[in-house]
Amino acid sequence: LKSTAELLQEFFAFYAKDFDWENEAVSVRLARRAVPQIPAYLAMHEGKQEIAPSIEDPFDLNKTMTVGTKSCIDSLHEELGRAYDLCARKASLSELLEPWTAA
């Protein structure tokens, strides 16, 4: 059985390092990762289409629950990476939960 701390570290590792934001969706309906039914495009940035995390609506497959702007998504990625790094170096929960603002 894994501890809560181990599960939290694995959560941050998964979303910071393993999850393919462009080709995977969080599927509550299927209780697993899935191909996005509707990609959540935000905007073009430096010639590349920016993708937001895809969270499908379990009641309407023609709709995505994804909202946000490019800066919101950038902050999400940055915070997931920061949390992963803190967990990897065994920082305290207090340090992990300290208020933080994007750089």
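Thresholds applied
- Residues numbered from 1 in each chain as written.
- Predicted model: local features only at pLDDT ≥ 70, side-chain atom pairs only at ≥ 80, totals over all residues.
- Heavy atoms only, no water.
- Pairing = 2+ DSSP bridges.
- Helix = DSSP H or I, 4+ residues; strand = E, 2+ residues; numbered from the N terminus.
- Patch = residues over 30% accessible without salt bridge, like charges linked within 9 Å, V, L, I, M, F, W, Y side chains within 5 Å.
- Areas by Shrake-Rupley, 256 points an atom, 1.4 Å probe, with all protein chains shown as cover.
- Salt bridge = Lys/Arg side-chain N within 4 Å of Asp/Glu carboxyl O.
- Buried < 20%, exposed > 50% of the residue type's maximum accessible area, 1.4 Å probe, protein only.
- Expected span 1.5 Å × (residues − 1).
- Core = buried A, V, L, I, M, F, W, Y, C linked by side-chain atoms within 4.5 Å.
- Contact = heavy atoms within 4.5 Å.
- Polar contact = N/O pair within 3.5 Å; in protein donor to acceptor, adjacent residues only side chain to side chain.

S.K.: A description of the sheet that holds strand β5 (residues 54–55) should follow, citing residues and the corresponding values.
M.R.: Across the sheet, 3 strands lie side by side as β2-β1-β5; this open sheet has mixed pairing. The open sheet has two edge strands with one neighbour each: β2 (32–34) and β5. By the bridge criterion, 2 bridges tie strand β1 (residues 25–27) to β5 in an arrangement that is parallel. The residue bridging V26 from the neighbouring strand is I55, located in β5.

S.K.: Kindly report on a nonpolar patch on the surface, identifying the contributing residues and their values.
M.R.: On the surface, L8, F11, L93 and L97 cluster together into a nonpolar patch covering about 390 Å² of accessible area. When you line up the elements, L93 lands in helix α3 (residues 93–96). The class for L93 is exposed, based on a relative accessible area of 51%.

S.K.: Quick one: what's the story with helix α2 (residues 70–88), residue by residue and with numbers?
M.R.: The end-to-end C-alpha separation of α2 is 27 Å, in line with the 27 Å expected for 19 residues at 1.5 Å each. Those residues of α2 lying buried are I73, L80, G81, R82, A83, L86 and C87. K90 lies just past α2 and shows a positive phi near 60°.

S.K.: Any details on the nonpolar core? Residues and values, ideally.
M.R.: Note on soluble globular proteins: their nonpolar side chains tend to be buried together. Core analysis: the largest hydrophobic core is formed by 10 residues, namely F12, F14, Y15, F19, W21, L80, A83, L86, C87 and L96. Those elements that provide at least two residues to this core are α1 (4–18) and α2. In terms of residues, this core owes the most to one element, α2, which gives 4 residues. Setting aside residues up to four positions removed in sequence, L86 forms contacts with A91, E95 and L96.

S.K.: With reference to specific residues and values, describe the side chain of S27.
M.R.: Along the chain, S27 turns up in strand β1. From its side chain, S27 meets the backbone nitrogen of L30 in a polar contact 3.1 Å long. S27 has contacts with R32, A34 and E56, leaving out every residue within four places of it along the chain.

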